[in-house]
Amino acid sequence: MRRGFLILLLVFVLVTFSSAERILQIWAMGEEAKNLNVMAERFMKENPGVKVEIQAIPWSAAYDKILTGIAGMQLPDLAQMGTTWMAPFGAMGVFEELSSYIRDSFISKDIFFEGSWQTVELNGGVYGIPWYVDVRVMFYRTDVLKEVGYDHAPQTWEELYDAAKKLAARGENMYAVSLLYTGVFGNEFMPFVWQAGGRIFDERGKVRVTDPEFVEAIEYYARFFWEELAPIGGGNLFQDFASGAVPIFFSGPWMVSMIDQQTPEIKGKWSVALMPKKKTRTSFVGGSNWVIFNTSKNKDLAWKFIEFMTKPENQLKWYKIVASLPAVKSVWEYPELANNPIMKVLGEQLRDAKSPPNIPQWEEIANAISRRVEEVIYKRRTPQKAAEMLKKDIEKIVR
Amino acid sequence: MKTSWVWILTFVGPALILLMVFLIIPIFASFYLSFTDFNVFVMTDWSRAKFIGLQNFVELLKDELFWKALMNTFYCLVVAMPVTVVLSLTCAVLLNRKQTKFKNFFKVSFFLPFVTNTVAIAIVWSWILNPSYGLLNWFLSLFGVKGPNWLGDPKWAMPSVIMLVIWKAVGYNTILFLAGLQNIPDFLYEAAELDGASPWQRFWYITLPMLKPTTVFVTTMMIIGYLQLFEEPYMLTQGGPLNSTLSIVLYLYRQGFKFFKLGYASSIAVILFLMISALTLLRLKLAGRK
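### Description of the overall build of chain B
Thinking step 1. If you tally the helices and strands in chain B, you get 13 helices and 0 strands.
Thinking step 2. Ordered by position from the N terminus, the helices and strands of chain B form the series α-α-α-α-α-α-α-α-α-α-α-α-α.
Thinking step 3. Projected onto its principal axes, the C-alpha coordinates of chain B cover approximately 75 × 75 × 35 Å.
Thinking step 4. Counting the 290 residues in chain B, one finds 31% classified as buried.
Thinking step 5. Excluding contacts between residues fewer than 6 apart, the proportion of contacts in chain B whose partners are at least 24 apart in sequence is 69%.

Below, the structure is given as structure tokens:
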């Protein structure tokens, strides 16, 4: 018994010391994490002596996991990072600055979509490399829109409002657009501001939410609730979309496969379109970046993995595996993407897409925006007054 | 015989260490943090957090949303506590009757909400409360009442949350009351019956006074629990609409773990701690008075 234990111990020791393997630890989330091992195996084949260890974290637990990882300095070499999390975690000073790596690499700012690259730049440094993007577009029911005389998606703010009026006039409990989920909706609201030509900060960092463009966006957004064109309160997006009660909503590419799965009965009766135009058709761009933690002892290896994942042929392979949108522009010229009608719209929208200001206080600002816009929606304040309050809020947050 | 300190420490030590590491030290740390400006930038180097005295508390007193959260939380406590007590006591008395059939079935059904995951519950409830195809508004429509937009209307959102809170709490407290009821000796009822006391009189003059220890325990736990209202509004409404369901702990969570203002969040925690302590002591004091 005792001898058996000793032998076992010896085997463990031998195994541990004999393998000169280098281990690359990666944290990844959601669907990406489940499928990343396919790419990791290819990487290991190209780089003998390297072992990639992927830890899958559900999105819902990821934020806390990274936070506790930072507090306890127990971090992997490399991690997938949601674009809106770049700033808060970046401000904690745990990401490796990548400018020196980029200098000797094929990776450069120009190969990515502009809006996506915005998310890796913090305080003038580069703290991540885009992996995949997602961009919000308009999902609409072609058949329902046709009923009210629209054989195309609403192209402008005026058309969207006009179509919405007609759609809501179909009867009781009939709406047009889903605009608001419960809670914080800064990411849903900001595209309207950008479309109107508004912004939160100007180049000198001054708060500009009282500009007429911003106020106009608040009013346009709120009008959909005032006139009951958009439902308020809980509902089920898929059911409402399938029944036709809410035939238009704005969301990201993940919805494409989810609609097919959840409501196969409306296959062929829906499509996607660009955001409606005011001054521009700007949308929200999100997605995930790669970040290297500065506690890592395998930074060279981690960078090698990033380069591997950024190569156009591997970006395409990854697209085929999970259908997430490639961040590298040239990949969109492959026939797999160029000939797909839905991807074509998404690709076009990516050229006109922005991300919110990349500052650690964004979450707090998004909360403030939601609070003030909500006050307009419920007619507690006028758009102008709400914008003035919002200005004070934001100035206090970034002070 | 005197036990030596070595033995006391050997047996109590492990528990003591765990308690210190996971409870006592964090409590004091958070107390200290409430006097600092601990925020996102000092996460990796705690020494950079500045001591700012009472500034967090001063700020808190001027914070409109904090007052709103405070009012909302007390709204929940004041409404949910009496309703929960009455409902769970009623359930317990009914379950305790000799004539009641399928007792275990009812006990399990009352208790199930308490042990079910709040996430799942919240999804089901958000369907029940849906204004256009929800079960509740369908039920109301049978009586010709047009139900409100429960979660979308700032007036009705908090009552919706309170409904969920009560529904979740009744089962647990029913079991506590039931245990209390079963401890009341039968001879008291028999004697009262011989003296000609009506069922109502028996309940009023025997059951209620005899249940007093249970009632004190139940209400005390409720004060502690309801003031920490978090899961239900977090899952159901995320504090909205118009912050009408924002609770103190939800606001604390937002400040601390969404905005990383851990200093500010700690000062909320300290105030909540003081409030809970004060109310609990008050409750126990009232109970101790004859």
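### Looking at the overall build of chain A
Thinking step 1. Along the backbone of chain A there are 18 helices and 13 strands.
Thinking step 2. Computed over its C-alpha atoms, the radius of gyration of chain A comes to 24 Å, within 12% of the 21 Å expected for a compact globule of 399 residues.
Thinking step 3. Expressed along its principal axes, the backbone C-alpha trace of chain A runs to roughly 80 × 50 × 45 Å.
Thinking step 4. In chain A, which comprises 399 residues, the proportion classed as buried is 45%.
Thinking step 5. Considering only contacts within chain A whose residues lie at least 6 apart along the sequence, 75% involve residues at least 24 apart.

### A short note on the nonpolar core
Thinking step 1. Formed by 116 residues in total, the largest nonpolar core has its most connected members in Met138(A), Ala176(A), Val177(A), Ile218(A), Tyr221(A) and Val373(A).
Thinking step 2. For this core, the two domains that each supply at least three residues are domain 1 (17-135 + 286-354) and domain 2 (137-284 + 357-398) of chain A.
Thinking step 3. Among all residues touching Met138(A), those that are not within four sequence positions of it are Ala153(A), Ile248(A), Phe250(A), Val272(A), Ala273(A), Leu274(A) and Met275(A).
Thinking step 4. With 51 residues, the next largest nonpolar core counts Leu129(B), Val170(B), Val249(B) and Ile268(B) among its residues.

### Digging into the interface of chain A and chain B
Thinking step 1. Residue-level contacts link 22 residues of chain A with 22 residues of chain B.
Thinking step 2. Looking at the side of chain A that touches chain B, the elements that each hand over two or more residues are α3 (59-71), α4 (86-91) and α17 (362-377) of chain A.
Thinking step 3. Counting residues per element, the side of chain A that touches chain B draws most heavily on α17(A), at 5 residues.
Thinking step 4. Tallied by class, the residues present in the side of chain A that touches chain B amount to 9 nonpolar, 7 polar and 6 charged.

### Some details on helix α9 (residues 186-196) of chain A
All names here are of chain A.
Thinking step 1. The element α9 is extensively covered by neighbouring structure, given that 10 of its 11 residues are classed as buried.
Thinking step 2. Regarding α9, the residues found buried are Gly 186, Glu 188, Phe 189, Met 190, Pro 191, Phe 192, Val 193, Trp 194, Gln 195 and Ala 196.
Thinking step 3. Against the buried residues of α9 lie α10 (212-226), β9 (248-251), β11 (283-292), β13 (353-354) and α17.
Thinking step 4. Just downstream of α9, Gly 197 is the residue with a positive phi angle, here 95°.

### What to know about helix α13 (residues 299-310) of chain A
Thinking step 1. For α13(A), which comprises 12 residues, the first-to-last C-alpha distance of 16 Å matches the rise-based estimate of 16 Å (1.5 Å per residue) to within 8%.
Thinking step 2. Burial in α13(A) covers these residues: Leu301(A), Ala302(A), Trp303(A), Phe305(A), Ile306(A), Met309(A) and Thr310(A).

### Structural notes on the domain arrangement of chain A
Residue and element names in this part refer to chain A.
Thinking step 1. Here chain A is described as being made up of domain 1 (17-135 + 286-354) and domain 2 (137-284 + 357-398).
Thinking step 2. Here the C-alpha centroids of domain 1 and domain 2 sit 29 Å apart.
Thinking step 3. The partner domain 2 presents 21 residues to the 22 residues of domain 1 that form the contact.
Thinking step 4. Mapped onto the side of domain 1 that touches domain 2, the elements with two or more residues apiece are α4, β4 (121-122), β6 (129-135), α16 (341-350) and β13.
Thinking step 5. Considering every element that reaches the side of domain 1 that touches domain 2, the biggest residue donor is α16, with 5 residues.
Thinking step 6. Residues belonging to the side of domain 1 that touches domain 2 are distributed by class as follows: 12 nonpolar, 5 polar and 5 charged.

### Here's the deal with the packing of helix α2 (residues 30-46) of chain A against helix α14 (residues 312-322) of chain A
Residue and element names in this part refer to chain A.
Thinking step 1. Interhelical geometry of α2 versus α14 gives an angle of 130° and a closest axis separation of 10 Å. In terms of orientation, α2 and α14 fall into the oblique class. Considering how the two elements wind past one another, α2 and α14 form a crossing that is right-handed. Residues Glu 31, Glu 32, Asn 35, Val 38 and Met 39 of α2 form the contact with α14, whose participating residues are Asn 314, Trp 318, Ile 321 and Val 322.

### Brief notes about the sheet that holds strand β8 (residues 177-178) of chain A
Residues and elements named next belong to chain A.
Thinking step 1. Read across the sheet, 4 strands follow the order β8-β9-β7-β10 without closing on themselves; strand pairing throughout is mixed. The open sheet has two edge strands with one neighbour each: β8 and β10 (270-273).
Thinking step 2. Strand direction decides the pairing type here: strand β7 (residues 137-141) and β10, joined by 4 bridges, are antiparallel. Bridge pairing in β10 links Tyr 140 to Ser 271.

### Topic: the pairing of β7(A)
All names here are of chain A.
Thinking step 1. Of all 5 residues in β7, 5 are buried; the element is thus mostly enclosed.
Thinking step 2. Pairing geometry for β7 and β9, over 4 bridges, is antiparallel. Bridge pairing in β9 places Phe 139 opposite Phe 249.

### Overview of the environment of Trp332(A)
Residue and element names in this part refer to chain A.
Thinking step 1. Considering the arrangement of structural elements, one finds Trp 332 in the loop between β12 (325-326) and α15 (335-338).
Thinking step 2. Counting along the chain gives 20 residues from Trp 332 to Pro 312, while the straight-line C-alpha distance between them is 9.4 Å.
Thinking step 3. Residues contacting Trp 332, with those up to four places away along its chain left out, are Pro 326, Leu 337, Ala 338 and Gly 347.

### Regarding the environment of Ile175(B)
Thinking step 1. Inspection of the secondary structure puts Ile175(B) in helix α7 (residues 154-182).
Thinking step 2. When the C-alpha atoms of Ile175(B) and Leu194(B) are compared, they prove to be 30 Å apart, with 19 residues separating the residues in sequence.

### Quick notes on the environment of Met275(A)
Residues and elements named next belong to chain A.
Thinking step 1. In this fold, Met 275 is placed in the loop between β10 and β11.
Thinking step 2. Look at Met 275 and you get buried, because 26 C-beta atoms sit within 10 Å.
Thinking step 3. It is 7.4 Å that separates the C-alpha atoms of Met 275 and Gln 155, two residues lying 120 residues apart in sequence.
Thinking step 4. If near-sequence neighbours (up to four positions away) are discounted, Met 275 is found in contact with Val 137, Met 138, Pro 191, Gln 195, Arg 281, Thr 282, Ser 283 and Gln 349.

### Side note on unusual backbone geometry
Thinking step 1. At Met73(A), a residue that is not glycine, the phi angle is positive and equals roughly 55°.
Thinking step 2. Among the secondary structure elements, Met73(A) is positioned in the loop between α3 and β3 (78-82).
Thinking step 3. Of note, Asn243(B) is a non-glycine position whose phi angle comes to about 60°, a positive value.
Thinking step 4. Judged by local crowding, Asn243(B) falls into the buried class, with 21 C-beta atoms found within 10 Å.

### Describing the confidence of the model for chain B
Thinking step 1. On average, chain B scores 90 in pLDDT, and the residues at 70 or more come to 99%.
Thinking step 2. Mean pLDDT values over the elements of chain B span from 86, in helix α5 (residues 118-128) of chain B, up to 94, in helix α3 (residues 64-96) of chain B.

Conventions adopted
- Residues numbered from 1 in each chain as written.
- Chains lettered and ligands numbered in written order.
- Predicted model: local features only at pLDDT ≥ 70, side-chain atom pairs only at ≥ 80, totals over all residues.
- Helix = DSSP H or I, 4+ residues; strand = E, 2+ residues; numbered from the N terminus.
- Buried ≥ 20, exposed ≤ 12 C-beta atoms within 10 Å, placed from the backbone.
- Contact = placed C-beta atoms within 7 Å.
- Rg over C-alpha atoms; globule rule 2.2 N^0.38 Å.
- Core = buried A, V, L, I, M, F, W, Y, C linked by C-beta atoms within 7 Å.
- Domains from an automatic or database assignment.
- Nonpolar A, V, L, I, M, F, W, Y, C, P; charged D, E, K, R; others polar.
- Expected span 1.5 Å × (residues − 1).
- Axes fitted to C-alpha atoms, helices over the stretch in contact; angles between N-to-C directions.
- Parallel < 35°, antiparallel > 145°, perpendicular 65-115°, else oblique.
- Left-handed = near helix turned anticlockwise from the far one by under 90°.
- Pairing = 2+ DSSP bridges.
- pLDDT = per-residue confidence, 0-100.

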